[in-house]
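# Notes for the structure review
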Amino acid sequence: MIKTYLIPFLFCCASLFSQEVKETSFFVDANYFYGSIVRHNKDISHLVKGHPEGVIISYNRETFGQERWEQVYNYPDYGFSFVYQDTESEILGDNFGLYGHYNFYFLKRNLFLRIGQGIAYNTNPFDKEKNPKNNAYGSSFLSSTYVMLNYNKQHIFEGFGIQAGLSIVHYSNANVKAPNSSTNAITFNLGLQYEIDSEEPSEYIEKKKYESYTEPIALNIVLRGGFNESDYIGLGQQPFGVISAYADKRIGFKSSIQLGADAFFAKFLKKEVEFLATAYPTRGLTGDEDYKRVGVFAGHELHINKISLVSQFGYYVYYPYEFEGRTYIRAGLNYNFTEQLFGAVTLKSHGAKAEGIEFGIGIRI
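First things first, this report covers the structure right here in the doc. Worth saying up front: this structure is predicted, and the values here are computed from it rather than measured. (Residues numbered from 1 in each chain as written. Predicted model: local features only at pLDDT ≥ 70, side-chain atom pairs only at ≥ 80, totals over all residues. Heavy atoms only, no water.)

So, about the sheet that holds strand 6 (residues 141-157). The 8 strands are arranged 1-2-3-4-5-6-7-8 in a closed barrel whose pairing can be described as antiparallel. Each strand of the sheet is rotated relative to its neighbour by a mean of 25 degrees, with strand direction disregarded. The pairing of strand 4 (residues 94-106) with strand 5 (residues 111-122) spans 12 bridges and is classified as antiparallel. If you follow Phe 104 over to strand 5, its bridge partner there is Leu 113. (Pairing = 2+ DSSP bridges. Helix = DSSP H or I, 4+ residues; strand = E, 2+ residues; numbered from the N terminus. Axes fitted to C-alpha atoms, helices over the stretch in contact; angles between N-to-C directions.)

Pasting the structure below:
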């Protein structure tokens, strides 16, 4: 199970270290945060009492425009973060997380947006006997995302700077193990930063005027899989598989658009149908309903060096069993090993309700 949660983090790490770094400038920062857990789901109302607080400590490698993607994205930083969150709840426990992240700059580099993805460890997950009220975290290891929007003032005094802003920290295991109501904390943060080699500041390479970039339509085939569990606790973890086929068109250096179809084979739905047919006969289920589904989708892919952010919106055209509505969303990361071969880590959900983390391998022809 630990290996399952490490995979998204390893994808991020691989993308960071695969880049050829020609400059040595980097900085560290530390932020204290304080805020509130959002009642995004009425099922967690009993858990939202105190105000979570904690620290975000980060290492950041700067870029200066040696490669086209660095200039296109306004010389971003990339690095690693550690996040400690005290939830101020004995039921929820505390969270410790490790992340890979990017910083994207705006307003003459006075404002940056950081997006981090990684894994977290929770100290007090759900347990039938010891902690039955924690319906937010069904397991100790969680997938976690944090987003930070900070105003920052660099080089105020001998490499030191300040930053302040807002952060959102999300924890969920994506229904790998039930229950999984998840949490989202919105916080205010205040921090310091220090540039290690501040005595010799590096120069940004002037942005070039590149030719427009396009590619012909390509066919993609992706095999995805993983494990998840029904919200009806006790039915156990089950494997699932997804076969995806789609066409994509690279319309610029940053973006591709997609159109395709998915076939879903989720054994947890088979177990759920059998359980409901027996336990709740008034629902009209026979227990023989098909658990397979077929959907069509449109999507977008945002390219950042070898890594890309994928977002897709789908609709089930074959939907024999009613489960969370006919629309679905997929979001996550692709990592391009070669021009034809890529790996994928994506989250499939129905609105804010996660169904599962999908780990996949794909080919583009």
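Read on for the rest.
Turning to the nonpolar core, a few remarks are in order. Counting 21 residues, the largest nonpolar core has Val 83, Tyr 146 and Tyr 171 as the members making the most contacts within it. Elements represented by at least two residues in this core include exactly strand 1 (26-37), strand 4, strand 5, strand 6 and strand 7 (160-172). Contacts of Tyr 146, omitting those with residues within four sequence positions, involve Ile 56, Ser 58, Ser 81, Val 83, Tyr 99, His 101, Arg 114, Ile 115, Gly 116, Ile 168 and Val 169. If you look at the next biggest cluster of nonpolar residues, it comprises 18 residues, including Val 242, Phe 264, Phe 268 and Tyr 321. (Core = buried A, V, L, I, M, F, W, Y, C linked by side-chain atoms within 4.5 Å. Buried < 20%, exposed > 50% of the residue type's maximum accessible area, 1.4 Å probe, protein only. Contact = heavy atoms within 4.5 Å.)

Here we take up empty space enclosed by the protein. Applying the stated criterion across every chain yields a total of 2 cavities of 30 Å³ or more. Taken together, Asn 228, Phe 240, Val 242, Phe 264, Ala 266, Arg 293, Lys 348, Glu 355, Gly 356 and Glu 358 make up the lining of the second largest cavity. For the lining of the second largest cavity, the elements supplying multiple residues, two or more each, are strand 10 (238-250), strand 11 (255-266) and strand 16 (353-364). Of the residues forming the lining of the second largest cavity, the biggest block, 3 residues, is contributed by strand 16. Looking at side-chain class alone, the lining of the second largest cavity contains 4 nonpolar, 2 polar and 4 charged residues. (1 Å grid on protein atoms, 1.4 Å probe; cavity = no way out; pocket = protein on both sides within 12 Å on 5 of 7 lines; lining within 4 Å. Points joined across faces, edges and corners; volume = space filled by probe spheres on them. Nonpolar A, V, L, I, M, F, W, Y, C, P; charged D, E, K, R; others polar.)

What follows deals with the packing of aromatic side chains. How two aromatic rings sit relative to each other is set out by the distance from centre to centre and by the angle between their planes. Counted by the stated rule, this structure contains 23 aromatic pairs. Between Tyr 78 and Tyr 102, the ring centres sit 6.3 Å apart and the planes meet at 50 degrees, which makes this aromatic pair tilted. Here Tyr 78, found in strand 3 (residues 77-86), pairs with Tyr 102, found in strand 4; they are 24 residues apart in sequence, far enough to count as distant. A relative accessible area of 9% means that Tyr 102 is categorised as buried. Plain terms: the ring middles of Phe 264 and Tyr 328 are 5.3 Å apart, the flat faces sit at 85 degrees to each other, and that makes the pair edge-to-face. Highlighted residues: Phe 264 in strand 11 and Tyr 328 in strand 14 (residues 327-336), separated in sequence by 64 residues. (Phe/Tyr/Trp six-rings, centres within 6.5 Å; stacked < 30°, edge-to-face > 60°.)

Further remarks concern the pairing of strand 15 (residues 341-350). With 8 of its 10 residues buried, strand 15 lies for the most part within the structure. Relative to strand 15, strand 14 is paired through 8 bridges, and the arrangement is antiparallel. Within strand 15, the residue paired with Gly 332 across the bridge is Thr 346. Between the antiparallel neighbours strand 14 and strand 15 lie 4 residues. The loop that links strand 15 with its antiparallel partner strand 16 comprises 2 residues; one of these, Gly 351, has a positive phi angle of about 65 degrees.

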